[in-house]
Amino acid sequence: MGKMPVVSVIMPVYNCEMYIEEAIYSILNQTFEDFELLIIDDCSTDKTKDIIKRLDDNRIIFIEKTKNTGYTNSLNHALQLVRGKYIARMDGDDVSLLDRFKAQVDFLESNVDVVACGTIFKYLDTDTVISLPEYDDEIKLAMLKGNSMAHPSIMMRSSVIKENNIKYNEEREPAEDYDLWVELMAFGKLHNLQKVYLDYRKHTSQVSVVRRKQQNESVIKTRIKLLKYVYKNMPQYHEENLIEIYRQGQRTFAEVKQYLDFKREFLSKNNGFFKKEGLLVYFDNVEKKLLKNYLLKRSHFSFKTLFEYLKLRNMVSYRSTFKESLKLVIKSFMLYKYRICF
């Protein structure tokens, strides 16, 4: 097998003949050259395989699956084969900037407590840069809202993956990467380099667009998993209520009250896992959306119910001043009466 490479790059591909050559060359031309490139083809029916076979570089390891079993299955298959100290991700339609691997290897070598390092990115052929939180505490808070690491920009520690038998959860596809980052939080820090090292190709045929509803359901389940880092033995009734809240379904006042109970219990258990200030902002935003949805779905407006809500809010965590309470009363009435959004 020869010398072990420092980096193992895993690239699952399927019917990407238009982009695959550019994507591969963006890896082969990296300034950091000590890597192996595992390309796993999921039974492509176009010219993807022919293009790959034409490329002459002994760092390429081409694997042709005999049955189409999906993107996440390809990722897990590759994880079993990697030999490098680090595992880098890449997709067959994106472009890595040429100093990407050097920057990530240098960072991981200097920061042994970081288990996964991503980067900010921009959309290919545009000037649109997508910013992402840099440090671990910022990333964890952002993960409460959704994925805050770009999958094809990631480099991970191979030892953490292998020693803990970690793999992508196929049931979480097409948000399997978000679930993996939450899984990795148990073993170290996450980080995003604040320089663009990836050009991301955005097009309507991508999985995240085609399977949006399935992705949203997967994100909700992973968000609950993240909350359980703090609330380890979360009661089933809290979990079920949170799922419905994140789906933005119709709420009853009893369920609003239950959410406020959950919020109080969660804050008491946090113990620094999430930054308190950011956590309060997150809960407050969810609460505002919850109240807005509750008021919009009601057939009549009740000041009594609203004042009961304000009383509960004060009891739980957020002490409203008279001015703030009055403002909320007026906004809530206008929201109900005229469907005005604030």
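Heads up: the structure comes first, above all this text.
What counts and how
Residues numbered from 1 in each chain as written. Predicted model: local features only at pLDDT ≥ 70, side-chain atom pairs only at ≥ 80, totals over all residues. Heavy atoms only, no water. Phe/Tyr/Trp six-rings, centres within 6.5 Å; stacked < 30°, edge-to-face > 60°. Helix = DSSP H or I, 4+ residues; strand = E, 2+ residues; numbered from the N terminus. Lys NZ or Arg CZ within 6 Å of the ring centre and 35° of its normal. Pairing = 2+ DSSP bridges. Salt bridge = Lys/Arg side-chain N within 4 Å of Asp/Glu carboxyl O. Buried < 20%, exposed > 50% of the residue type's maximum accessible area, 1.4 Å probe, protein only. Contact = heavy atoms within 4.5 Å. Polar contact = N/O pair within 3.5 Å; in protein donor to acceptor, adjacent residues only side chain to side chain.

A. Looking closely at the packing of aromatic side chains. Summed over the entire model, instances satisfying the criterion amount to 14 aromatic pairs. When the ring of Phe35 is compared with that of Phe101, the centres are 5.7 Å apart and the planes differ by 80 degrees; the resulting orientation is edge-to-face. Of this pair, Phe35 sits in strand β2 (residues 35-41) while Phe101 sits in helix α4 (residues 100-110), and the two are 66 residues apart along the sequence. For the pair Tyr282 and Phe283, a centre-to-centre distance of 5.6 Å together with 55 degrees between the ring planes defines the contact as tilted. Grouped by ring-pair contacts, the aromatic residues Tyr229, Tyr231, Tyr259, Phe262, Phe266, Phe273, Phe274, Tyr282 and Phe283 constitute a single cluster. Stacked on the ring of Phe273, the Lys or Arg Lys140 has its end atom at 4.0 Å from the ring centre.

B. The arrangement of the sheet that holds strand β8 (residues 129-130) in detail. Spatially, β5-β11-β7-β8 is the arrangement adopted by the four strands of the open sheet, whose pairing is mixed. What marks the edges here is a single partner per strand, and that holds for β5 (95-96) and β8.

C. How the structure looks around the pattern of salt bridges. Per the stated rule, a full pass over the model turns up 24 salt bridges. Taking the shortest distance from any N to any O, the salt bridge between Arg247 and Glu217 comes out at 2.8 Å. With a gap of 30 residues between them, Arg247 in the loop between α10 (236-246) and α11 (253-269) and Glu217 in helix α9 (residues 212-227) connect regions that are remote in the sequence. On the basis of relative accessibility, which here comes to 41%, the residue Arg247 falls in the partly exposed class. For Glu217, a relative accessible area of 26% gives the class partly exposed. Residues Asp261 and Arg264 are paired through a salt bridge, measuring 3.8 Å at the closest nitrogen-oxygen approach. One end of the pair, Asp261, and the other, Arg264, are both in helix α11, three residues apart, so they sit about a helical turn from each other.

D. Broad picture of the environment of Gln104. Relative to the helices and strands, Gln104 resides in helix α4. In sequence terms Gln104 and Ala88 are 16 residues apart; their C-alpha atoms lie 9.2 Å from each other. Discounting chain neighbours no more than four positions away, the residues touching Gln104 are Cys117, Gly118, Thr119, Ser153, Ile154, Met155 and Leu193. Here the side chain of Gln104 touches Ser153 through a polar contact of 2.6 Å, landing on its backbone oxygen.

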